[in-house]
Amino acid sequence: MKPPAFEYVCPASIAEALEALAARDDAKVLAGGQSLIPMMNMRLARPGLLVDINRVPELAAIQDEGDTLQIGALVRHYQLETDARIKEAFPLIPAAERLIGHPAIRSRGTIGGSLSHADPAAELPVLAMLGDWEMTVASRDGGVRRIPAAEFFMSYLMTTLGPDELLTHVTVPKQRTGGSHIAEFAVRSGDFALAIAAAMVELADDGSVRSVRFALGGVSDVPWRDLDLESSLVGAMSSDALWREAGRQAAEAIDPADDIHASSSHRRQLAETLLTESLSRAAEQARERSSH
Amino acid sequence: MPNITLTVNGTQHHLDVEPRWLLADVLREQLNLTGTHLGCEQGVCGACTILLNGRPARSCLTLAVTADGADIVTVEGLAKDGELHPVQEAFWQEHALQCGFCTPGFLMTSVHFLNENPNPTRPEIREALSGNLCRCTGYQHIVNAVERAAETMRKGANHAISQD
């Protein structure tokens, strides 16, 4: 239960990190290490070279760009939980953070690590899909590319990141109006959730749905979202019945796998209940905000 | 081997470490601070929890080399001048340990938690401790101890441990 031997570099800039990643094909990026180190301790991962990005200050910045917030890959969970700019720009981030692991995990784990690890039952990938976040990745030979969340996650623990690429920051469009909510079910506090549902709702003055988006985690190999189902709800009057029906239709559309943690039908029922709850609460919040 | 500097319980150490060495192993085997325990070595049990720059962290999921320059508090840093820290005292008074293997992690987690939340409810205590596993005492007495420690600390006992 100790990591196998590896070579180690600790670059001081993004350029140095990219150089190290390009130099060999068995390199791995070390950020917070809360997923990579256990995998190395269990010898499930044996990188030949660790590129430790913990001393690259450019990666730890949070920048306000007007309509978006740029969050550096090395920003840690506890900062996402407590930073006032993040709460203002995308309140679902601190709400989700309280559900992620334990305080000791949140001290170290990072946004870039969580998104690159791409566990389908993790909260931040669900928010990335929900909020149309964009991942900026860089490599020595390929330059910089920006990848929308919908194209970033490929399958269980798989993203489009190449072995020589580094996720440098995440662009989060600000949520200006409306309400939002995230709900999940985990057996014990801090466990990976069996299912996650997050929703954002904007209402018109007459109480009809101006816009709605929702995403599920833990129910497929990548965070789940259905744009057609979302747009079918636009214009309808917000009501408990509407959100129950949306939850039912989403549960019908997904096909969760059976595993040792939960059966497919259990996950489907959880997804329906959690999504209905998230949509109702987001709509309620949207209504409260517009009446002020 | 990389040379690193760690400040542990107020004392600065310069150490040569292999990159693959976990911070927990360096504390235990290079510095002989064996109060930090290794249970699962995969981040689940919480026995190896220490304070890293004032925040709780799993020393089994942190490479020593990554912690270069850090300020660390281990369970050995809690008692001052022969006086137990109020959280230690409360664990003793409330019988919050039997074998004691998980205790260092519970203590470090609780110390940070009570610094952040001096007046917690029982559900908040349970949530704060949910990343630490105990396999013999059970959690009732541990929750009682944290509640008791909170009360003592609110009354103003000297409990400054974080250096930052």
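Residues numbered from 1 in each chain as written. Chains lettered and ligands numbered in written order. Predicted model: local features only at pLDDT ≥ 70, side-chain atom pairs only at ≥ 80, totals over all residues. Heavy atoms only, no water.

Draft legend 1. Highlighting the layout of surface pockets. By volume, the second largest pocket is sized at about 560 Å³. Forming the boundary of the second largest pocket are 25 residues, of which E81, P103 and R106 of chain A together with E127 and A128 of chain B lie nearest the centre. Contributing elements (two or more residues each) for the lining of the second largest pocket: α3 (77–82) and α6 (103–108) of chain A together with β4 (55–58), α3 (103–116) and α4 (122–128) of chain B. Broken down by element, the residue count for the lining of the second largest pocket peaks at four residues, all from α3 of chain B. (1 Å grid on protein atoms, 1.4 Å probe; cavity = no way out; pocket = protein on both sides within 12 Å on 5 of 7 lines; lining within 4 Å. Points joined across faces, edges and corners; volume = space filled by probe spheres on them. Helix = DSSP H or I, 4+ residues; strand = E, 2+ residues; numbered from the N terminus.)

Draft legend 2. Representation of the side chain of S114 of chain A. With respect to the helices, strands and loops of the structure, S114 of chain A is situated in helix α7 (residues 111–117). Leave out the neighbours within four places in its chain, and S114 of chain A touches H77, A122, L124 and P125 of chain A. (Contact = heavy atoms within 4.5 Å.)

Draft legend 3. The packing of aromatic side chains, seen in detail. Overall, the coordinates contain three aromatic pairs over all chains when judged by the stated rule. Their ring planes at 85 degrees and their centres at 5.2 Å tell us that F152 of chain A and F153 of chain A sit as a pair that is edge-to-face. When sorted by exposure, F152 of chain A lands in the same class as F153 of chain A, which is buried. With a centroid separation of 6.3 Å and an interplanar angle of 50 degrees, the aromatic rings of F106 of chain B and Y139 of chain B are classed as tilted. Remark: Y139 of chain B occurs in helix α5 (residues 139–154) and F106 of chain B occurs in helix α3; sequence separation between them is 33 residues. Under the relative-accessibility criterion, Y139 of chain B is labelled partly exposed at 32%. Between R55 of chain B and the ring centre of Y78 of chain A, over which it is positioned, the NZ or CZ distance is 3.9 Å. (Phe/Tyr/Trp six-rings, centres within 6.5 Å; stacked < 30°, edge-to-face > 60°. Buried < 20%, exposed > 50% of the residue type's maximum accessible area, 1.4 Å probe, protein only. Lys NZ or Arg CZ within 6 Å of the ring centre and 35° of its normal.)

Draft legend 4. Broad picture of the domain arrangement of chain B. Residue and element names in this part refer to chain B. The domain boundaries assigned to chain B delineate domain 1 (3–77) and domain 2 (86–155). Between the C-alpha centres of domain 1 and domain 2 the distance comes to 21 Å. With 18 residues of domain 1 in contact, the opposing surface of domain 2 contributes 13 residues. Taken together, the two surfaces of domain 1 and domain 2 that pack against each other cover about 1200 Å², and 64% of this comes from carbon and sulfur. Broken down residue by residue, the surface that domain 1 buries against domain 2 is led by H37, T49 and V75, which jointly contribute 36%. Run the count over domain 1 and domain 2 and you get zero salt bridges. (Domains from an automatic or database assignment. Buried area = accessible area lost by both parts, 1.4 Å probe. Salt bridge = Lys/Arg side-chain N within 4 Å of Asp/Glu carboxyl O.)

Draft legend 5. Spotlight on the sheet that holds strand β3 (residues 49–52) of chain A. Residues and elements named next belong to chain A. Read from one edge to the other, the open sheet built from three strands follows the order β1-β3-β2, with strand pairing classed as parallel. Both outer strands of the open sheet, β1 (7–9) and β2 (27–30), are each paired with one neighbouring strand and no more. Taking the axes of each pair of neighbouring strands and ignoring which way they run, one obtains an average angle of 25 degrees across the sheet. The pairing of β2 with β3 spans four bridges and is classified as parallel. The residue bridging K28 from the neighbouring strand is L50, located in β3. Docked against the sheet, helix α1 (residues 14–23) engages β1, β2 and β3, running at close to 170 degrees with respect to β3. (Pairing = 2+ DSSP bridges. Axes fitted to C-alpha atoms, helices over the stretch in contact; angles between N-to-C directions.)

Draft legend 6. Spatial organisation of the domain arrangement of chain A. Residue and element names in this part refer to chain A. The domain architecture assigned to chain A consists of domain 1 (7–52), domain 2 (57–173) and domain 3 (180–291). Placing a centre on the C-alpha atoms of domain 1 and another on those of domain 2 gives a separation of 18 Å. Counting across the domain 1 and domain 2 interface gives one salt bridge. Of the charged contacts, one joins R140 and E19 as a salt bridge, the two residues approaching to 2.9 Å between their closest N and O atoms. Linking domain 1 to domain 2 there are two residue pairs in polar contact (both at pLDDT 80 or more). Broken down by element, the side of domain 1 that touches domain 2 gets its largest block of residues, six residues, from α1. (Polar contact = N/O pair within 3.5 Å; in protein donor to acceptor, adjacent residues only side chain to side chain.)

Draft legend 7. View of the pattern of salt bridges. All names here are of chain A. In this structure the tally under the stated criterion is 23 salt bridges over all chains. The partner of E165 in a salt bridge is R145, and the shortest N-O contact between them spans 2.7 Å. Of this pair, E165 sits in the loop between β9 (158–159) and β10 (166–173) while R145 sits in strand β7 (residues 143–148), and the two are 20 residues apart along the sequence. Of the residues examined, E165 reaches a relative accessible area of 13% and is grouped as buried. Each member of the salt-bridge network shares a partner with another, and the members are D132, R213, R225 and E230.

Draft legend 8. Structural detail: the nonpolar core. In this structure, I71, I111, L115, L127, W133, M135 and F153 of chain A are the most contacted members of the largest nonpolar core, which totals 39 residues. The leading source of residues in this core is helix α8 (residues 123–130) of chain A, at six residues. Counting contributing residues per domain, this core is built from domain 2 (57–173) and domain 3 (180–291) of chain A, each supplying no fewer than three. In terms of nonpolar packing, the next biggest core, distinct from the first, is built from 34 residues, Y8 of chain A together with I50, A67 and I72 of chain B among them. (Core = buried A, V, L, I, M, F, W, Y, C linked by side-chain atoms within 4.5 Å.)

Draft legend 9. Molecular detail of the environment of M237 of chain A. All names here are of chain A. Relative to the assigned elements, M237 resides in the loop between α10 (227–232) and α11 (240–253). M237 gets classed as partly exposed once you look at its relative accessible area, which sits at 47%. When the C-alpha atoms of M237 and V209 are compared, they prove to be 6.1 Å apart, with 28 residues separating the residues in sequence. Excluding anything up to four places from it in sequence, M237 contacts D206, G207, S208 and L242.

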